[in-house]
Each structure stands twice: as structure tokens, then as C-alpha cells.
Amino acid sequence: REVSIAAVKLSLAPVLGSCIPAAVMERVSDFKESELALMMYAVSKLSEHPREYLNVLEHAILKHVPTLTPVGVRCIAMSWAKAPPSDQNLIEAVAARTFNLLDDLDASAISHIAWAYSKLPVSRVNLFKALGVRCAATVSSFGLPHLGYTALAFAEAGVHDEVPLVSIARVASGRLGNMYPVPGSRLACAFLQADLESPEITVLLEGLAAVARQQGWTHLSPSPLQQTDFQKQ
């Protein structure tokens, strides 16, 4: 376990991307539930084609989902960002565990869970509504990446809920001085897509437009959203 996590932190996927996942497969039965979740995250980061490994780990972790910690749920969500799951039983089990852990979820867990579930073909509106309430209650602790990921996850899931989105816009507006292209583009894409009428959102979009002009942003990552798109707001 320690070697796998160290390899992820040191970005050693080009060197260890195949041998560590293969070694993990040989020891699946030796891992505890918390370690299985960590291994899912590690394998997703180290392997170019993690799905074959994740299938085995997901099968092993399914029975342990009811006892997962917020960290474990977050690790599973992070692994799904690269390789979306197909096991509906696991998808529903993780969603149910998320409901049980809502009061303990931090910014990182909320953003990663929302992002993972926004990529699934069937939107789970009730899950997003619950995550939205938790997001609004804890949004002051979100960093810029968390704000961008969470807002875009709600927009792409088709859950244009004012409770989380307006709170995100309000906090993001107060951090425009530290804004940079990646979270800026995610926030812009999210609020343009959500198309909510809110003074807080208008202030944020106008602020992002001003920052884009001042800093010379032309094309923003991850989407080819140009300054002129901001200027229409």
C-alpha cells in the first residue's frame, strides 16, 4: 500500500504504471476495506487502462461499502474520474453511503463525489440535492479547485440548484484576486450552462471577465471558452 501511494505522489506512473497494479491484483484478499479504496485510487492514477484492475477491486470492496469512511468514499470517487464504473450495485451502494456520511464530508470529498456522479449516464438528483446542502454549509472551506469542480459537476449533472451554486458564486467572487485559468474556466462553464438568474452569479461572471482581460487569458482550460464569451455576460 505504501509503495503504491508513494508512486502516485511522486508521479511514477511511467515507471511503475503496470507492475504495481499487477502486484495489487495478487494481494486483493489481503487488503482491508480502507486499503481497497486507496488501492482503487492508486491504480487509477498509475495505470493507463485501470478499468480491468478496478473491476477486481470494486468486486472486493462492494460488501465493505456500508462501513467506508469519508476518505474511502472520496478515494472511490477519485478512481471513477478516470474510469467510470458500470456496476450499478456499487454505484448505488456508494451513493447510499454518501448520504449516511453527509455531515462528515469535507470540500475534497464533496467535489470529487459530485464530479464522479456527474459523469454517470443517469443523474441522481437526490444525491446532488443532499451534496448541495452540505456544500452550501461548508463552502467557505473550499479552495478554488473545489469550487470549480463542484459547480461544473452540478451543471453537467443537470442539477441547477441555487442552494450550492449561488453560495459557490458568492465565495468565488471574493477570491477573484487569486483566480487562475483552470478553476476560472470551470466556474464560467458551470454558470453559463446553469443559466441561473442571480445577482451573485452575475457579479462572479463579470469579475471573471475582468480577470480574464487583466491577465490576458485567451483560451481557458479545460474548454475553449474565449474572453468574448465572458464579455457577453
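Residues numbered from 1 in each chain as written. Predicted model: local features only at pLDDT ≥ 70, side-chain atom pairs only at ≥ 80, totals over all residues. Heavy atoms only, no water.

### A word on helix α11 (residues 162–173)
Now for step 1: With 12 residues, α11 should reach 16 Å at 1.5 Å per residue; the first-to-last C-alpha distance of 16 Å fits that figure.
Now for step 2: Within the sequence span of α11, burial applies to P164, L165, V166, S167, I168, A169, V171 and A172.
Now for step 3: Close packing links the buried residues of α11 with α9 (125–138), α10 (144–156), α12 (181–194) and α13 (199–215).
Now for step 4: Taking the backbone nitrogen of V163 as reference, a side-chain oxygen 3.0 Å away marks D161 as the first, capping residue of α11. (Helix = DSSP H or I, 4+ residues; strand = E, 2+ residues; numbered from the N terminus. Expected span 1.5 Å × (residues − 1). Buried < 20%, exposed > 50% of the residue type's maximum accessible area, 1.4 Å probe, protein only. Contact = heavy atoms within 4.5 Å. Polar contact = N/O pair within 3.5 Å; in protein donor to acceptor, adjacent residues only side chain to side chain.)

### Describing unusual backbone geometry
Now for step 1: Backbone geometry at D195 places phi at a positive 55°, although glycine is not the residue there.
Now for step 2: Tracing the sequence through the fold places D195 in the loop between α12 and α13.
Now for step 3: Given a relative accessible area of 62%, D195 falls into the exposed group.

### Side note on the confidence of the model for the protein
Now for step 1: Mean pLDDT over the protein: 86, with 84% of residues reaching 70 or higher.
Now for step 2: Between residues 1–17, whose pLDDT stays under 50, and residues either more than four places distant or in other chains, the model counts 27 contacts. (pLDDT = per-residue confidence, 0-100.)

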